Amino acid sequence: MTFSLAGRCARTGMLGAVVTTSAISVGARCPSARAGVGAALTQHRTDPRLGPLALDLLAKGVAAGEAMQAVVAATPHRHWRQLALIDAAGRTAVYSGANVRGERGESQGKDCAAIANIVRSASLPDAMVAAFEKSPDLPLARRLLDALEAGEAAGGEKQPVISAALLIVHRESFPYVDLRVDDHPQPIAELGRLWSIYAPEADAYVVRAVDPEQAVPPPGMKIS
């Protein structure tokens, strides 16, 4: 009952993930990302420990495919898990356990990987990858949101989605973007709306953290 995509911007080195589901608080449980390392997704009988575990392996120089094999091998309940992983070089890996229910699918493309379960079409991840690959010059956030919208247009879940999340990392240890929508009738559209508000301020928040003397808030931006 979840569809998601992990992606990389080859121009900037940004890494991130986008996800939506019919359960609450998907952003707190499914996506993980680390600047200069990679991005991971864990879903279906979700184990939030698996994303950070995969990123730890990538941080040691293990490629995405080998890291995925190691995570799956170390997971006692692997047959219930669905995972996607991308490393800083754009290499990807996906995994769907034998017990992942309903229509499910996986797809890997240039600098991206998508997974889905309990959806209306097993080809839904293919639509997400195609949307992500379509406009490589757009900001990573926009490409990830386009992929999520494409997944919904390709059939989406069998139940209405209520939560969605967008997570992106760049150069710092903290996220460049971490937006979440919970218990909303249109979470994908709401996530896009939140990004449109946050986008003009995203760089200013980074400057404020790393070089506060140079921070000049955009007109109307609240100090925090």
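Analysis parameters
- Residues numbered from 1 in each chain as written.
- Predicted model: local features only at pLDDT ≥ 70, side-chain atom pairs only at ≥ 80, totals over all residues.
- Heavy atoms only, no water.
- Axes fitted to C-alpha atoms, helices over the stretch in contact; angles between N-to-C directions.
- Helix = DSSP H or I, 4+ residues; strand = E, 2+ residues; numbered from the N terminus.
- Parallel < 35°, antiparallel > 145°, perpendicular 65-115°, else oblique.
- Left-handed = near helix turned anticlockwise from the far one by under 90°.
- Contact = heavy atoms within 4.5 Å.
- Nonpolar A, V, L, I, M, F, W, Y, C, P; charged D, E, K, R; others polar.
- Pairing = 2+ DSSP bridges.
- Buried < 20%, exposed > 50% of the residue type's maximum accessible area, 1.4 Å probe, protein only.

### Here's the deal with the packing of helix H5 (residues 140-153) against helix H6 (residues 187-198)
The N-to-C vectors of H5 and H6 enclose an angle of 165°; their axes lie 10 Å apart at closest approach. Taken together, the axis directions place H5 and H6 in an arrangement best described as roughly antiparallel. The crossing of H5 and H6 is left-handed. Residues Ala141, Arg142, Leu145, Leu148, Glu149 and Glu152 of H5 touch H6, and the partners they reach there are Ile188, Leu191, Gly192 and Trp195. Taken together, the residues of the contact of H5 with H6 sort by class into six nonpolar, one polar and three charged.

### Some remarks on the sheet that holds strand E6 (residues 92-96)
Taken in spatial order, the four strands line up as E3-E4-E5-E6 in an open sheet, and their pairing is antiparallel. Each edge of the open sheet carries a strand with a single partner, namely strand E3 (31-34) and E6. Shown here is a sheet whose adjacent strand axes are inclined to one another by a mean of 10°, direction ignored. In this structure, strand E5 (residues 82-87) lies alongside E6, joined through five bridges in antiparallel fashion. What sits directly across from Gln82, in E6, is Ser96. Running over the sheet, helix H2 (residues 50-59) touches E3, strand E4 (38-43) and E5 and is turned about 25° from E3. Of the strands in this sheet, E5 and E6 touch helix H3 (residues 64-73), which is tilted by about 150° from E5.

### Section: the pairing of E5
Across the six residues of E5, six count as buried, placing the element largely inside the fold. A two-sided burial pattern is seen for E5, the buried positions comprising Gln82, Ala84 and Ile86 on one face and Leu83, Leu85 and Asp87 on the other. Relative to E5, E4 runs antiparallel, the two sharing six bridges. By the bridge assignment for E5, Ala40 is matched with Leu85. In sequence, E5 turns back onto E6 through a hairpin of four residues, with Gly90 there showing a positive phi of about 90°.

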